[in-house]
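Coordinates in review
Letter by letter, the chains look like this.
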Amino acid sequence: MEAILEVNNVSKHFGGFTALNGVNLHVQRGERLGLIGPNGSGKTTMINCISGALINDSGDIRFDGRHIHTLPAYQRTKLGIARSFQIPRPFGSMTVLENLLVPFAYVGGADGPKERREAMDILERMGLAAKAEVSSKQLSQVELRKMELARAMAAKPQLLISDEAMAGLAGAEIDEVLQILFDLNAMGITIIMIEHIMQAVMKFSQRVVCLDAGKIICEGTPESIFKNPDVQRAYLGDEA
Ligand code: ADP
Ligand code: MG
């Protein structure tokens, strides 16, 4: 098995606060990885360090064998790393299709007929084609979440990191987003799924990693992780 992403001994501090404390994580090409952990455990900070929104203070991050942790975010996007945001940030005044053409232009430098066709293909795959000409302001929560994933896909990633794409969704909507992530993985895209909805993590992940207070406290199959006393303690502590 070949690692597409290698996070080696990565730390990130905010002033005197340590958000990531020597994290090691290797992700195999094509893997479906679940990343869990209580609120504030460092999941989004980790994604920010991988995608380039933040630069880690120490340690090394490799993607496809290349050192990337000093590269700006747009270069990491071009190498094939895409992420969706925990809080969707649509360009509200634009249509759904236009929202997708922004990342196309960013990565490929154009938004002509070819890009429009590709963007429509992505919207089709997400079940959003009928909304292409609708203002993104008019989307429902689940449609907004799908558009977030569609925008991430417009960069043609090899690795997609989904940061709580199911937050605020319920029932059938969760299954719809889950199915999209399964379909993208079946196309060969490696997926890291950050999620609080545990049934979704259980269904989706081949392997689960749990962060707590900036450290990986355990990893394993979904079944073993949810039985793990350290994980249960971390989550109970979260509710206390
Ligand atoms: P998670 O996504 O697991 O809920 P985060 O990575 O967002 O956790 O946050 C981890 C910790 O780092 C939290 O205590 C948070 O308050 C802190 N943190 C995150 N980003 C910043 C920042 N830009 N400045 C200061 N503290 C931050
Ligand atoms: Mg987060």
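Look above for the structure.
In this report, we go over the structure that sits alongside the text.

Calculation notes
- Residues numbered from 1 in each chain as written.
- Chains lettered and ligands numbered in written order.
- Predicted model: local features only at pLDDT ≥ 70, side-chain atom pairs only at ≥ 80, totals over all residues.
- Heavy atoms only, no water.
- Core = buried A, V, L, I, M, F, W, Y, C linked by side-chain atoms within 4.5 Å.
- Buried < 20%, exposed > 50% of the residue type's maximum accessible area, 1.4 Å probe, protein only.
- Helix = DSSP H or I, 4+ residues; strand = E, 2+ residues; numbered from the N terminus.
- Contact = heavy atoms within 4.5 Å.
- Phe/Tyr/Trp six-rings, centres within 6.5 Å; stacked < 30°, edge-to-face > 60°.
- Lys NZ or Arg CZ within 6 Å of the ring centre and 35° of its normal.
- Pairing = 2+ DSSP bridges.
- Axes fitted to C-alpha atoms, helices over the stretch in contact; angles between N-to-C directions.
- Parallel < 35°, antiparallel > 145°, perpendicular 65-115°, else oblique.
- Left-handed = near helix turned anticlockwise from the far one by under 90°.
- Nonpolar A, V, L, I, M, F, W, Y, C, P; charged D, E, K, R; others polar.

**Notes on the nonpolar core**
Core analysis: the biggest nonpolar cluster contains 45 residues, and M126, L160 and M166 have the highest contact counts within it. Elements with a contribution of two residues or more to this core: α3 (96-108), α4 (113-125), α5 (141-153), α6 (172-186), β8 (190-194), α7 (198-204), β9 (207-212) and α9 (229-239). For this core, the element with the most residues is α5, which contributes 7 residues. Sequence-distant contacts of M126, that is, excluding residues within four places in its chain, are made with K146, L149, A150, M153, I180 and L184. One finds V7, L20, I161 and L211 within the second-largest nonpolar core, a separate group that totals 25 residues.

**Considerations on the packing of aromatic side chains**
Any pair of aromatic rings gets described here by the distance separating the centres and the angle formed by the planes. Going through the model one piece at a time under the given rule, you end up with 1 aromatic pair. Measuring from ring centre to ring centre gives 5.0 Å for F182 and F204, while their planes differ by 65°; the resulting arrangement is edge-to-face. With F182 in helix α6 and F204 in helix α7, the pair connects residues that are 22 residues apart, well separated along the chain. Taking relative accessible area as the criterion, F182 reaches 25% and is therefore assigned partly exposed. Stacked on the ring of F204, the Lys or Arg R32 has its end atom at 5.6 Å from the ring centre. The aromatic ring of F85 is capped on one face by R83, whose charged end is 4.1 Å from the ring centroid.

**Structural notes on the pairing of strand β1 (residues 3-14)**
Along any regular strand the residues' side chains alternate between the sheet's two faces. Relative to strand β2 (residues 17-28), β1 runs antiparallel, the two sharing 8 bridges. When the bridges of β2 are listed, H13 appears paired with T18. Linkage of β1 to β2, two consecutive antiparallel strands, is achieved through a turn of 2 residues, within which G15 is found at a positive phi near 60°.

**Structural notes on the packing of α3 against α4**
Following both chains from N to C, one finds α3 and α4 inclined at 120°, their axes separated by 10 Å at the closest point. Between α3 and α4, the angle falls in the class oblique. Every pair of crossing elements has a handedness; the one defined by α3 and α4 is right-handed. Residues V96, L97, L100, L101 and F104 of α3 lie in contact with α4, whose contacting residues are E115, R116, E118, A119, M120, I122 and L123. Here the contact of α3 with α4 is composed, by residue class, of 9 nonpolar, no polar and 3 charged.

**As for the sheet that holds strand β7 (residues 159-163)**
One open sheet holds the 6 strands; their spatial order is β6-β7-β8-β3-β9-β10, and the pairing between them is mixed. Every interior strand has two partners, whereas the edge strands, β6 (81-84) and β10 (215-220), have only one. This sheet shows a mean twist of 20° between the axes of neighbouring strands, independent of strand direction. The pairing of β7 with β8 spans 5 bridges and is classified as parallel. Residue pairing across strands places S162 opposite M193, the latter belonging to β8. Contacts from α5 reach β6 and β7 within the one sheet, and its direction differs from that of β7 by about 155°.

**A word on helix α1 (residues 43-51)**
In terms of residue burial, α1 counts as a mostly covered element, since 8 of its 9 residues are buried. Along α1, the residues that are buried comprise K43, T45, M46, I47, N48, C49, I50 and S51. G52 lies just past α1 and shows a positive phi near 100°.

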